[in-house]
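Descriptive analysis of the structure
Residue strings, one per chain:
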Amino acid sequence: MKTKALLIAAVIAVLPLTAICADDDEPALCDVIENADLYFRCDTPEFASELDERAWKTLAGVYIKDGPPASVGNPELSNTIWGMDYIDFGPGTLEVSYWDGEWCFSGAGLTEVMQMDSVSADGKTFHTVNDWYPLTFRLEGEYLIIEEYGERFYKATGPDCHMRFLKKYVSELEQ
């Protein structure tokens, strides 16, 4: 009996995510992605400066330490400022957001509130400050590097790449 249960669990684990449905009424992941913003209206924040607005377009988003995960858990979509999106990547997630004239960098149970000090001409390097120290964030392709720590984060989603990770994940399942 135990062997049969383990075999069934193993088969379920290797089935593609888009093929697993609790019943016929539950949509496949590709349908969830396609219809996610059907009733959602994106609303950009009020920016304190043109600098914040320029930075938000490329810096805001959800990042994952070191690189994209190999799979997703239960892909429930969340309401983000750029649309409905999957943001639950567990430990190692960094969220960069902008609210009421302040930048928030949240991850590992901590939130840093910063002010945007400068953005490079190419819009890929961001220098921030708070009362204690500065931080420099640099975008390299799909990755964000925090220069002071040498840490690298994969950008899973944001206003400039709505549902990047989920769309990439589903396209790889379909191949």
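Residues numbered from 1 in each chain as written. Predicted model: local features only at pLDDT ≥ 70, side-chain atom pairs only at ≥ 80, totals over all residues. Heavy atoms only, no water.

As a further point, take the side chain of Thr157. Checked against the element boundaries, Thr157 lands in strand β10 (residues 151–157). According to the relative accessible area criterion, Thr157 is buried, its value standing at 1%. For Thr157, the side chain forms a polar contact with the side chain of Trp82, separated by 3.3 Å. Non-local contacts of Thr157, meaning those with residues more than four positions away in its chain, are made with Ala60, Gly61, Val62, Trp82, Asp85, Tyr86, Ile87, His162, Met163 and Arg164. (Helix = DSSP H or I, 4+ residues; strand = E, 2+ residues; numbered from the N terminus. Buried < 20%, exposed > 50% of the residue type's maximum accessible area, 1.4 Å probe, protein only. Polar contact = N/O pair within 3.5 Å; in protein donor to acceptor, adjacent residues only side chain to side chain. Contact = heavy atoms within 4.5 Å.)

What follows deals with the sheet that holds strand β4 (residues 93–99). Read around the closed barrel, the 8 strands follow the order β1-β4-β5-β6-β7-β8-β9-β10; overall the barrel is antiparallel. Taken over all neighbouring pairs, the strand axes of this sheet differ in orientation by 35 degrees on average, direction set aside. When strand β9 (residues 143–146) meets β10, the two strands line up antiparallel, connected through 4 bridges. Note that in β10 the partner of Ile145 across the bridge is Arg152. Its contacts with the sheet place helix α3 (residues 50–59) against β1 (61–65), β4, β5 (102–107), β6 (110–119), β7 (125–129), β8 (134–140), β9 and β10, and it is angled at close to 120 degrees to β6. (Pairing = 2+ DSSP bridges. Axes fitted to C-alpha atoms, helices over the stretch in contact; angles between N-to-C directions.)

Let's shift gears to the pattern of salt bridges. Any two side chains of opposite charge can pair if their charged atoms end up close together. Applying the stated criterion to the full structure yields 6 salt bridges. The partner of Arg138 in a salt bridge is Glu140, with the nearest N and O atoms 1.9 Å apart. The partner of Lys155 in a salt bridge is Asp160, and the shortest N-O contact between them spans 2.6 Å. Three or more residues are tied together by salt bridges with common partners; here these are Arg138, Glu140 and Glu147. (Salt bridge = Lys/Arg side-chain N within 4 Å of Asp/Glu carboxyl O.)

To continue, consider the nonpolar core. The biggest cluster of nonpolar side chains holds 34 residues, and the ones touching the most others in it are Leu59, Trp103 and Phe165. A total of 4 residues in this core trace back to one element, the largest contributor, which is β9. (Core = buried A, V, L, I, M, F, W, Y, C linked by side-chain atoms within 4.5 Å.)

Along the polypeptide, Lys155 turns up in strand β10. Note: C-alpha distance between Lys155 and Ile64 (91 residues apart in sequence) is 6.5 Å. Ignoring sequence-local partners within four residues, the contact set of Lys155 consists of Thr58, Leu59, Ala60, Gly61, Val62, Tyr63, Glu142, Asp160, Cys161 and Arg164. At 2.5 Å, the side chain of Lys155 and the backbone oxygen of Thr58 are in polar contact.

Bringing the pairing of β7 into the picture now. Within a regular beta strand, the side chains point alternately toward one face of the sheet and then the other, so they alternate between its two faces. Only one face of β7 is covered, namely the face carrying Phe126 and Thr128; the face carrying Thr125, His127 and Val129 is uncovered. Two elements, β6 and β7, share 4 bridges in a ladder whose sense is antiparallel. If you follow Met116 over to β7, its bridge partner there is Thr128. Connecting the antiparallel pair β6 and β7 is a turn made up of 5 residues, with Gly123 showing a positive phi of about 70 degrees. With 5 bridges joining them, β7 and β8 adopt antiparallel strand pairing. Each bridged residue has a counterpart across the sheet, and for His127 the counterpart in β8 is Thr136. Between the antiparallel neighbours β7 and β8 lie 4 residues.

Summed over all chains, the structure comprises 5 aromatic pairs. Arranged with centres 5.7 Å apart and planes meeting at 65 degrees, the rings of Tyr143 and Tyr154 form a pair that is edge-to-face. Of this pair, Tyr143 sits in strand β9 while Tyr154 is found in strand β10, placing the two residues 11 residues apart along the sequence. Among the residues examined, Tyr143 registers a relative accessible area of 17% and is labelled buried. Relative accessible area serves as the criterion here: at 0%, Tyr154 is assigned to the buried category. Members of the aromatic cluster, each reached through a chain of ring pairs, are Phe47, Trp56, Tyr98 and Trp103. When the ring centre of Tyr143 is taken as reference, the NZ or CZ atom of Arg152 above it lies at 3.7 Å. (Phe/Tyr/Trp six-rings, centres within 6.5 Å; stacked < 30°, edge-to-face > 60°. Lys NZ or Arg CZ within 6 Å of the ring centre and 35° of its normal.)

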